[in-house]
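What the coordinates show
Residues per chain, in single letters:
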Amino acid sequence: VQKFVLVDKAWPMCHAELRPHHINWDHIYGNRSSSSSSSSNAPSGMSNNTYFTTWPIPLHTSKQDIKQPATIRQLQKRFGASDNNNNGPVLILGVHLCGTLSIQAI
C-alpha cells in the first residue's frame, strides 16, 4: 500500500483556515510535541516533526462530496485508470456511510 486518501466533504481545503464545521486534521498533519523524527516522507513544505511522518503508510486528506456524480467520475479517473501511476490495485473503503452515502458506495 502506497498511501491512504481520506475522502470527506468536511475536510478543509488544502492550506485553508480550519473552521468549526470542518474535520480537524491535527492528528494527521499537526505538530508533534517531540522534536525527534527520523522519517523523511513528509510532503513538500512540511517538517518531519508532524504526525504525518509517524504513520507507516502516509495518510492524505481530500475534500470531496461523493454524493455528486462529477466527484464519482473524477475519483474513477484518478484511481481507476491503470496508466495514472497506480502501482497496484485500489481499495476504496467506506466508513460511516449513513443515509444515501451507503447507496452511493454500492
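A short tour of the structure in this document, coming up. Here the structure is a predicted model, which is why all the values come from computation and not from measurement.

1. Considerations on the environment of Trp25
Among the structural elements, Trp25 can be located in the loop between strand E1 (4-8) and helix H1 (26-29). Counting along the chain gives 26 residues from Trp25 to Tyr51, while the straight-line C-alpha distance between them is 9.9 Å. Beyond its immediate sequence surroundings of up to four residues, Trp25 is in contact with Trp11, Pro12, Met13, Cys14, His15, Gly30 and Thr61.

2. Focus on unusual backbone geometry
You will see that His15, though not glycine, has its phi angle at about 65 degrees, which is positive. Within the secondary structure, His15 is located in the loop between E1 and H1.

Thresholds, definitions, all that
Residues numbered from 1 in each chain as written. Predicted model: local features only at pLDDT ≥ 70, side-chain atom pairs only at ≥ 80, totals over all residues. Heavy atoms only, no water. Helix = DSSP H or I, 4+ residues; strand = E, 2+ residues; numbered from the N terminus. Contact = heavy atoms within 4.5 Å.

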